[in-house]
Amino acid sequence: MDVSPRATPPPSPRPLSRAITADRPATASAAIGGPSRTLQAPRRSRAAPPFNNTIRHSVQLEQELKGKAAVFNNASSGKKGIQALIDRGMLADEPEAIGAFLKAAGPRLKQSEVADYLGMVSSRRVLEWMMDSLELTGMRIDSAVRKLNTRIQLRAEAQKIDRIVQCFASRYHACNPGVFEAEDQAYIFAFSLLMLNTDAHNDNVKHKMSKESFLSINREQKLPRAVLEDVYDAIVNCDLQIEERAQIDVVKEGWLLKQNRRRVGWRRRYVVVSTRAIYVYKSEADALPSQFCPLEFSVIAQQTSVGPMARKFEVRCVPDGATPGSTPRARSKSGPSGGPETSLRPLVFEAKDEKTAKDWIKAIQQFTLQEGVLVVPEEEL
């Protein structure tokens, strides 16, 4: 059976033309923990590419999307949000128009409300339009489920998630005939992957599903054992909410200094901002991040917007309804030690200068629901 291999990371940017330095003022706070010496780039390092915003449309269209997103997000449900846009004449009452809006404004919208709306019976035609916009041809099914989960975050009632997965399975089967004998098989296997993901990355689940148990559950899918083993390893090693490197809609990427977990030192890390999350890599060529932070409810903080301290900024991961620092891990405590995780502490970065820091803040903030940058005392950074 022909099952395509997993996607590989995209090619690296151009070579570094000069060393990156990070001088600190003598008055820097110990809590901030500036490096004690100039940081030189490794000989084979790569330079950060220029600002690369994937949203290539006019400022007027961007403001229009933000205005519509505000109406949607202020409603008490996704259904009421869409209806409010229709009542105000801001959106046509047609599946294609609604689907196009949800796709274009996606990262700016409350993801739980988007999934809640798409999972309704009355939204079936909109859901089908959304699925038809996903290109899944040639993708292994776990990569396709990951793409689905990072485009339509499955945070809704079980019955609504079930409708979304059924529609996804139909789309996957149409894009990849021959992988599964029928749509039902694709649906059952896709749902089993979501169950495996919850089992592997939820710390409340004490007894994890073994590889042999996963193989036994899915033996009727008639997939090669090697493929099933690879799928199991891929999901256990990396939560489905984390985008594959090759699938990331890159907004900005490059090298930054990142404060370590003990807040006493700094490390040079390659940071990628997508429309959904911040990914921190130890190396530019790494396929998996060491840490990531969902952007939807994150908060950006600075001690000041001018002067040497303006080079530092902090991203506080705040999931819906939670408090800063309580974000669940992207892998379970009992999972693979090398797997990526959501930061349990705020991510503190430092850019080489004030302008570069502002560019990073701008890139991150446009995909959060935060208005403005939080100003905090120096000791809180």
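Residues numbered from 1 in each chain as written. Predicted model: local features only at pLDDT ≥ 70, side-chain atom pairs only at ≥ 80, totals over all residues. Heavy atoms only, no water.

**Student:** Would you explain unusual backbone geometry in this entry?
**Tutor:** For residues besides glycine, phi is generally negative; the peptide bonds are generally trans as well. Here the phi dihedral of Lys222 falls at roughly 60°; this positive angle occurs in a residue that is not glycine. Assignment of secondary structure puts Lys222 in the loop between α9 (211-217) and α10 (225-237). (Helix = DSSP H or I, 4+ residues; strand = E, 2+ residues; numbered from the N terminus.)

**Student:** Sorry if this is basic, but what is going on with helix α3 (residues 95-104) here?
**Tutor:** Owing to its 3.6 residues per turn, the α-helix brings residues three or four apart onto one side. Here α3 has its buried residues at Pro95, Ile98, Gly99, Phe101 and Leu102. Taken around the axis of α3, the buried residues stretch over an arc of 160°, which confines them to a single face. Against α1 (59-74), α2 (78-87), α4 (111-118) and α5 (124-132) lie the buried residues of α3. (Buried < 20%, exposed > 50% of the residue type's maximum accessible area, 1.4 Å probe, protein only. Arc of directions from axis to C-beta. Contact = heavy atoms within 4.5 Å.)

**Student:** Would you take a moment to explain the confidence of the model for the protein for this structure?
**Tutor:** Close inspection of predicted coordinates is inappropriate for parts of the model with low pLDDT. For the protein, mean pLDDT is 78; residues scoring 70 or higher make up 75% of the total. Taken together, the stretch residues 1-55 has pLDDT below 50 and engages in 115 contacts with residues farther than four places along the chain or on a different chain. This stretch, residues 321-338, has a pLDDT under 50; its non-local contacts, to residues over four places away or in other chains, come to 40 contacts. (pLDDT = per-residue confidence, 0-100.)

**Student:** Hey, could you run me through the packing of α2 against α3 in this one?
**Tutor:** Each pair of packed helices can be summarised by the angle the axes make with each other and by the distance between the axes. It is the contact of α2 with α3, at a shortest axis distance of 12 Å, that shows an interaxial angle of 115°. Taken together, α2 and α3 sit at an angle that is classed as roughly perpendicular. By crossing handedness, the relation of α2 to α3 is classed as right-handed. Between α2 and α3, the residues in contact are Ile82, Leu85 and Ile86 and Ile98, Phe101 and Leu102, respectively. Looking at side-chain class alone, the contact of α2 with α3 contains 6 nonpolar, no polar and no charged residues. (Axes fitted to C-alpha atoms, helices over the stretch in contact; angles between N-to-C directions. Parallel < 35°, antiparallel > 145°, perpendicular 65-115°, else oblique. Left-handed = near helix turned anticlockwise from the far one by under 90°. Nonpolar A, V, L, I, M, F, W, Y, C, P; charged D, E, K, R; others polar.)

**Student:** Just checking my understanding: could you explain the environment of Pro177 for this structure?
**Tutor:** Mapped onto the fold, Pro177 is located in the loop between α7 (158-175) and α8 (183-201). Residues Pro177 and Gly138, 39 residues apart in the sequence, show an inter-C-alpha distance of 9.8 Å.

**Student:** Is there a simple way to think about the packing of helix α6 (residues 141-151) against α7 in this case?
**Tutor:** At a closest axis distance of 11 Å, the pairing of α6 and α7 adopts a crossing angle of 130°. With respect to α7, the axis of α6 lies oblique. The handedness of the crossing between α6 and α7 comes out as right-handed. Together, Ile141, Ala144, Val145 and Leu148 of α6 and Ile164, Phe168 and Tyr172 of α7 make up the contact between the two elements. Looking at the contact of α6 with α7 residue by residue, the class counts come to 7 nonpolar, no polar and no charged.

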